[in-house]
Amino acid sequence: MMQHFCFLQEKTCEESTSFDLTPYDVASAITAVDRLLVEQAKEVSQGDSLTEDLNVESLSSGSKIDINTIAKIKQILLDLEAAIDSYEVPSDKGITKPGIFIYELLERAHLTYNTKADIHDALEQIIGCLTGLPGIFLSTAGLQKLVDIIQH
């Protein structure tokens, strides 16, 4: 069953923006984070031999993201997936909720106003790391969608 959430956020009376968040988006983000965890675990088990290959130059800090941070992001994504799955959604269509609903949903995944900046930065770093891994072609669209939602 494909659940589909659409969130409307009003900017002005004449103009509003909306965005979708599907279980597929969250699942693909989890898959991407899982892959990075595997790559980081390989690096740890092989010592420093891969450090230069996995060090992503595109990151503003020039350093890799900590494996514990990646694991925390994975848990947030798993909690978000569980929160989405807890809603009854008609199988033939999604549901539309007011913009405030996304904050309630994200809060159930421990993503709050106080944590959003750190989580946003971690997601950006994860995307950068995945993009910089040689020989790995993995969609980061689900992660990017979450980054976009958090920015609003």
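Parameters and conventions
- Residues numbered from 1 in each chain as written.
- Predicted model: local features only at pLDDT ≥ 70, side-chain atom pairs only at ≥ 80, totals over all residues.
- Heavy atoms only, no water.
- Phe/Tyr/Trp six-rings, centres within 6.5 Å; stacked < 30°, edge-to-face > 60°.
- Helix = DSSP H or I, 4+ residues; strand = E, 2+ residues; numbered from the N terminus.
- Buried < 20%, exposed > 50% of the residue type's maximum accessible area, 1.4 Å probe, protein only.
- Contact = heavy atoms within 4.5 Å.
- Salt bridge = Lys/Arg side-chain N within 4 Å of Asp/Glu carboxyl O.
- Core = buried A, V, L, I, M, F, W, Y, C linked by side-chain atoms within 4.5 Å.
- pLDDT = per-residue confidence, 0-100.
- Axes fitted to C-alpha atoms, helices over the stretch in contact; angles between N-to-C directions.
- Parallel < 35°, antiparallel > 145°, perpendicular 65-115°, else oblique.
- Left-handed = near helix turned anticlockwise from the far one by under 90°.

Chemist: Summarise the packing of aromatic side chains; cite the residues concerned and give the values.
Modeler: For the structure on display, the rule yields one aromatic pair. Geometrically, the ring pair formed by tyrosine 87 and phenylalanine 101 is edge-to-face, given 5.1 Å between the ring centres and 75 degrees between the ring planes. Taken together, the positions of tyrosine 87 in the loop between α3 (67-85) and β3 (95-98) and phenylalanine 101 in helix α4 (residues 100-108) put the pair 14 residues apart, joining distant regions of the chain. The partly exposed category is assigned to tyrosine 87, whose relative accessible area is 23%.

Chemist: Residues and numbers for the side chain of aspartate 25, please.
Modeler: Structurally, aspartate 25 can be placed in helix α1 (residues 23-45). With relative accessibility at 10%, the residue aspartate 25 sits in the buried group. Apart from the residues lying within four places of it in its own chain, the contact partners of aspartate 25 are Asp20, Gly142 and Lys145.

Chemist: Explain the environment of aspartate 118 to me, and be specific about the residues and the numbers.
Modeler: For aspartate 118, the position within the fold is in helix α5 (residues 116-132). Sequence separation between aspartate 118 and threonine 69 is 49 residues; the distance between their C-alpha atoms is 9.9 Å.

Chemist: Requested: an account of the pattern of salt bridges, with residues and values cited.
Modeler: Tallying each qualifying case throughout the model produces four salt bridges. The residue lysine 145 makes a salt bridge to aspartate 25 at a minimum N-O spacing of 3.0 Å. In this pair, lysine 145 is assigned in helix α6 (residues 141-151) and aspartate 25 in helix α1, connecting sequence segments 120 residues apart. Put simply, lysine 74 and aspartate 34 hold a salt bridge, and the shortest N to O gap is 2.6 Å. Of this pair, lysine 74 sits in helix α3 while aspartate 34 sits in helix α1; the two residues are 40 residues apart in sequence, bridging distant segments of the chain.

Chemist: Can you tell me about the nonpolar core, naming the residues and giving the values?
Modeler: Nonpolar side chains tend to gather and get buried jointly when the protein is soluble and globular. One finds Leu21, Ile73, Leu80, Ile126 and Leu143 to be the most contacted residues of the largest nonpolar core, which totals 36 residues. Of all elements in the fold, only α1, α3, α4, α5 and α6 reach the threshold of two or more residues within this core.

Chemist: Talk me through the environment of valine 147; I want residue IDs and the actual numbers.
Modeler: Tracing the chain through its elements places valine 147 in helix α6. Residue classification places valine 147 among the buried positions, given a relative accessible area of 1%. Along the sequence, valine 147 and aspartate 121 sit 26 residues apart, while their C-alpha atoms lie 8.7 Å from each other. Beyond its immediate chain neighbours, meaning those up to four positions away, valine 147 contacts His120, Leu123, Glu124 and Ile127.

Chemist: Give me the confidence of the model for the protein: which residues, what numbers.
Modeler: Taken residue by residue, the protein gives an average pLDDT of 78. The fraction at 70 or more is 74%. Here helix α2 (residues 51-54) stands out as the least confident element of the protein, with mean pLDDT 46; α3 is the most confident, with 93. Below a pLDDT of 50 lies the segment residues 8-15, which in the model reaches 17 contacts outside its immediate sequence neighbourhood of four places, other chains included. Counting interchain partners and residues more than four positions distant, the pLDDT-below-50 stretch residues 49-63 has 21 contacts.

Chemist: Kindly report on the packing of α5 against α6, identifying the contributing residues and their values.
Modeler: Where α5 meets α6, the closest approach of the two axes is 10 Å, and the angle between their N-to-C directions is 155 degrees. In this view, α5 runs roughly antiparallel relative to α6, as classed from their interaxial angle. When you trace α5 past α6, the crossing you get is left-handed. Every residue of α6 that contacts α5 at Lys116, Ile119, His120, Leu123, Glu124, Ile126, Ile127 and Leu130 is listed here: Leu143, Gln144, Leu146, Val147, Ile150 and Gln151.

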